[in-house]
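Fold and geometry: a report
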Amino acid sequence: MKAMVYKGPGQRCLSDVEKPSMRKPTDAVVKILKTTICGTDLHILQGDLPEVAAGRILGHEGIGIIEETGESVRHFKKGDRVIISCVTACGTCRYCKRALPDHCEDGGWILGHLIDGTQAEYVRIPHADNSLYLLPDNVDEEAALMLSDILPTGFEIGVLNGKVKPGDTVALVGAGPVGMAAMLTAQFFSPAKIIMIDTDKQRLAMAKRFGATDIINPQRQDVVAQIAALTGGDGVDVAVECVGLGATFKICQDIVAKGGHIANVGVHGKPVDLHLETLWIKNITLNTGLVNTTSTPILLKALNHIRVNPNKLVTHHFTLAELDKAYEVFAHAAQEKAMKVVIAAH
């Protein structure tokens, strides 16, 4: 089968590899219908995650059709359409029982990381009963694909960790896919203001269309001054970091209000400064985390009832044979006006 294989920092190759087979009775093999590329895949290619071994098939998002199930899989059968969660959960370890499957002792974020992933024609899913979700016929496939990772990530690590409440002022630093997902799901809680901060004017315009009340471009505006003007000098109740850079993390520290929350969603490949010399007195709360995807059933219901439409984040479509081109487009998102790219594997 065809798959995108990581060859080491800066190197990837669309290769012919062996189709995955069952290893344990709790496994399922899924035929991929659609997959996508995540910013984390770019971090892997940049060498930010050295634990990813050369030869690994990339990707941790997808929807597909069950090809085969192990004898212990109870909730799925051959032919079922499914959403693949980016987090694999055994369901029985101490972390799964604490609703922290991202730290599952026999799972967590392993797809496209520690085991072969979804940017392929087929993928093996361990602990299938806890790591797949049935895809209803009335749910748009591309919207469902966003439930593999970015929508629960933005919701759980940005919105829920940030404790967004009705009437809050929320600032999102970074208008990429996860920042947009956090913005879409923040609207569940009716904040008074949703401020998107980014240097890409195309993405800022998209954010405005999708629900941002205000936009700020740090290349043209003083972010701290603009936030002060929008909040009467108070700062924002919730600042969500969605990029993974020292500069964007500093913006969050500079604009958070007394008693406010900073929710870090971005993947940081390098150390950043935490300015406790100014933050210690402000009674702020800082949260970090990897998505657990425990919110996926809730978000699936939201899709069913048209409360959120993440498929509008999709800007480009490719076939699996065009995966190299898809990576080039996604890696140069500003020039290509790209948000989420969808790859049809079959």
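Owing to the predicted nature of the structure, the values given are computational and were not obtained by experimental measurement.

Points about the sheet that holds strand 8 (residues 169-173)
- Taken together, the 6 strands give an open sheet; going across it, the order is 10-9-8-11-12-13, and neighbouring strands pair in parallel fashion. The sheet is open, and its two borders are formed by strand 10 (214-216) and strand 13 (285-287), each paired with just one other strand. Taken pair by pair, the neighbouring strands of this sheet meet at an average axis angle of 15 degrees, ignoring direction.
- With 5 bridges joining them, strand 11 (residues 236-241) and strand 12 (residues 256-264) adopt parallel strand pairing.

Let's talk about unusual backbone geometry
- Positive phi, close to 60 degrees, is recorded for Ala99, a residue that is not glycine.
- Considering the arrangement of structural elements, one finds Ala99 in the loop between helix 2 (94-97) and strand 6 (122-125).
- Phi is positive for Thr293, close to 65 degrees, though the residue is something other than glycine.
- On the secondary structure map, Thr293 appears in the loop between strand 13 and helix 11 (296-304).
- Since its relative accessible area comes to 3%, Thr293 is described here as buried.

Description of the pairing of strand 15 (residues 340-344)
- In terms of residue burial, strand 15 counts as a mostly covered element, since 4 of its 5 residues are buried.
- Note that strand 3 (residues 28-36) and strand 15 share 3 bridges and pair antiparallel. Considered in strand 15, the bridge of Thr35 is made with Ile343.

Thoughts on the packing of helix 6 (residues 177-186) against helix 7 (residues 201-210)
- Where helix 6 contacts helix 7, the two axes come as close as 10 Å, and the packing angle between them is 20 degrees. When the interaxial angle is binned, helix 6 and helix 7 end up roughly parallel. Regarding helix 6 and helix 7, the two cross each other, and that crossing is right-handed. Of helix 7, the residues touching helix 6 (which contributes Pro177, Met180, Met183 and Leu184) are Arg203, Met206, Ala207 and Phe210.

Observations regarding the nonpolar core
- Counting 51 residues, the largest nonpolar core has Ile83, Leu172, Met180, Met183, Met196 and Val240 as its most contacted members.
- Counting only elements with at least two residues in this core, the list comes to helix 4 (141-145), helix 5 (150-160), strand 8, helix 6, strand 9 (193-197), helix 7, strand 11 and helix 11.
- It is helix 6 that contributes the most residues to this core, 7 residues altogether.
- Apart from the residues within four sequence positions on either side, Met180 is in contact with Ala175, Met196, Arg203, Met206, Ala207, Leu313 and Met339.
- If you look at the next biggest cluster of nonpolar residues, it comprises 22 residues, including Leu49, Val52, Leu320 and Tyr327.

As for the pattern of salt bridges
- For the structure on display, the rule yields 14 salt bridges.
- Note that Asp137 and Arg81 form a salt bridge whose closest N and O atoms lie 3.7 Å from each other. Taken together, the residues Asp137 in the loop between strand 7 (132-134) and helix 4 and Arg81 in strand 5 (residues 81-84) connect sequence positions 56 residues apart.
- Residue classification places Asp137 among the exposed residues on the basis of a relative accessible area of 73%.
- With a closest N to O distance of 3.4 Å, Asp168 and Lys165 form a salt bridge.
- For Asp168, a relative accessible area of 6% gives the class buried.
- Since its relative accessible area comes to 45%, Lys165 is described here as partly exposed.
- Taken together, the shared-partner salt bridges in this structure form one network comprising Lys34, Arg81, Asp137 and Glu141.

Conventions used here
- Residues numbered from 1 in each chain as written.
- Predicted model: local features only at pLDDT ≥ 70, side-chain atom pairs only at ≥ 80, totals over all residues.
- Heavy atoms only, no water.
- Pairing = 2+ DSSP bridges.
- Helix = DSSP H or I, 4+ residues; strand = E, 2+ residues; numbered from the N terminus.
- Axes fitted to C-alpha atoms, helices over the stretch in contact; angles between N-to-C directions.
- Buried < 20%, exposed > 50% of the residue type's maximum accessible area, 1.4 Å probe, protein only.
- Parallel < 35°, antiparallel > 145°, perpendicular 65-115°, else oblique.
- Left-handed = near helix turned anticlockwise from the far one by under 90°.
- Contact = heavy atoms within 4.5 Å.
- Core = buried A, V, L, I, M, F, W, Y, C linked by side-chain atoms within 4.5 Å.
- Salt bridge = Lys/Arg side-chain N within 4 Å of Asp/Glu carboxyl O.

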